[in-house]
Amino acid sequence: MGIKASSKVKFALIQEALMRSGNLLNVSMMCEIAGVSRSGYYAWRAGEDRRQIREERDRRDFELILEAYRHRGYDRGIEGVHMRLLHKGVIMNVKKIRRISRKYGLFCPMRKPNPYRKIVKELQTDRIFPNVTGRKFKRAPRKVLLTDITYLHYNVGSEKKTCYLSAILDAYTHEVLAYQLSRSLKVEFVIETVDQLIAKYGCTLDNETIVHSDRGCHYTSLQFIEKLREAEFIQSMSRKANCWDNAPIESFFGHMKDEIRKVISEYSSYEEVVAKVDDWIDYYNNERYQWDLKKLSPVEFYEYTQTGIYPLPIYERKKSEK
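So, here is what we can say about the structure in this document. (Residues numbered from 1 in each chain as written. Predicted model: local features only at pLDDT ≥ 70, side-chain atom pairs only at ≥ 80, totals over all residues. Heavy atoms only, no water.)

Now for the side chain of Lys-257. You can see Lys-257 is positioned in helix H11 (residues 247-265). Put simply, Lys-257 is tucked away with no salt bridge, and the nearest opposite charge, on Glu-250, sits 8.0 Å away. At 3.1 Å, the side chain of Lys-257 and the backbone oxygen of Tyr-151 are in polar contact. Apart from the residues lying within four places of it in its own chain, the contact partners of Lys-257 are Thr-150, Tyr-151 and Leu-152. (Helix = DSSP H or I, 4+ residues; strand = E, 2+ residues; numbered from the N terminus. Buried < 20%, exposed > 50% of the residue type's maximum accessible area, 1.4 Å probe, protein only. Lys, Arg positive; Asp, Glu negative; His and termini not counted. Salt bridge = Lys/Arg side-chain N within 4 Å of Asp/Glu carboxyl O. Polar contact = N/O pair within 3.5 Å; in protein donor to acceptor, adjacent residues only side chain to side chain. Contact = heavy atoms within 4.5 Å.)

Written out as structure tokens, the structure reads:
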């Protein structure tokens, strides 16, 4: 028979019971009920002064820990408390800070794990490809294709949600050749973008087609590398931390967000975002005219490069107007 608790707790309960008036049990009987030894209880009693000294010391140290924890109004973790104390000239190891914090109910904040860090780690490889484009994007239609991912935010009630857009852009015509939206950053939606590209435009692509991206984990993944290799495309990557190497698609995403960000932010479902992106990209490809594309839309400009027929009426000035 015994009480389920630590020996220290049992000894404290025995001492408290012995001090109560009207107690009819002696030390031996209580120790037997509690499942502890009589000698252990007396040894615990003998160390009461030492425990009191340690308790007072822990309280003083806790005041220092609490001050460091709250410094300038920002909560910090165990290591942050340790470093703050060091800057105040107080040497207190991490284990002690953790023990005292736990003892007095101070729980230091921990960063929430990034849900995509595991994905990034699983996808990341050491395969980095050279920048074949050299920022020379205007080679010919369907010869330099740029790809990237951007984030789109919408709201479900009071909770902000994020979805992701993968797109492939023809650097010469500015046409969006393929795109996929996804609720997650798993590599599959990037692979699906390439599959869509091949299904729709495979007959216009060849082994001289360059697919250029940044060095993100999706594009260094073995799945993506193998997909491009199977299609006989040339893989190219931007230099590290150099957004200018993929500037046209960055510009495309910027224009898109300028025009639909506010509308999307008011949507309450993923399906609404998908519908809006579908509509806007259709408008962009077919009706959003660009000055540097001879005032044509991307689709019109591509057709013009293939046929040589300019679709807009050209008016010759009359001699009298010169």
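Read on for the rest.
Turning next to the pairing of strand E1 (residues 144-156). The side chains of a regular strand alternate between both faces of the sheet. By the bridge criterion, three bridges tie E1 to strand E4 (residues 210-213) in an arrangement that is parallel. Residue Val-144 lies in a different strand from E4, and its bridge partner there is Ile-210. Two elements, E1 and strand E2 (residues 159-170), share twelve bridges in a ladder whose sense is antiparallel. Within E2, the residue paired with Leu-145 across the bridge is Asp-170. (Pairing = 2+ DSSP bridges.)

In globular proteins that are soluble, nonpolar side chains generally tend to be buried together. Ranked by size, the top nonpolar core spans 27 residues in total, and within it Leu-152, Leu-165, Phe-252, Met-256, Ile-264, Val-273 and Val-277 carry the most contacts. Going through the elements one at a time, E1, E2, strand E3 (176-182), H11 and helix H12 (270-287) are the ones with two or more residues in this core. Phe-129, Ile-191, Val-194 and Leu-228 belong to the second-largest nonpolar core, a separate cluster that totals 23 residues. (Core = buried A, V, L, I, M, F, W, Y, C linked by side-chain atoms within 4.5 Å.)

So, on to a negative patch on the surface. Residues Asp-278, Asp-279, Asp-282 and Glu-287 make up a contiguous surface patch of negative charge. One can find Asp-282 in helix H12. What makes Asp-282 partly exposed here is its relative accessible area of 45%. (Patch = residues over 30% accessible without salt bridge, like charges linked within 9 Å, V, L, I, M, F, W, Y side chains within 5 Å. Areas by Shrake-Rupley, 256 points an atom, 1.4 Å probe, with all protein chains shown as cover. Charge placed at Lys NZ, Arg CZ, Asp CG, Glu CD.)

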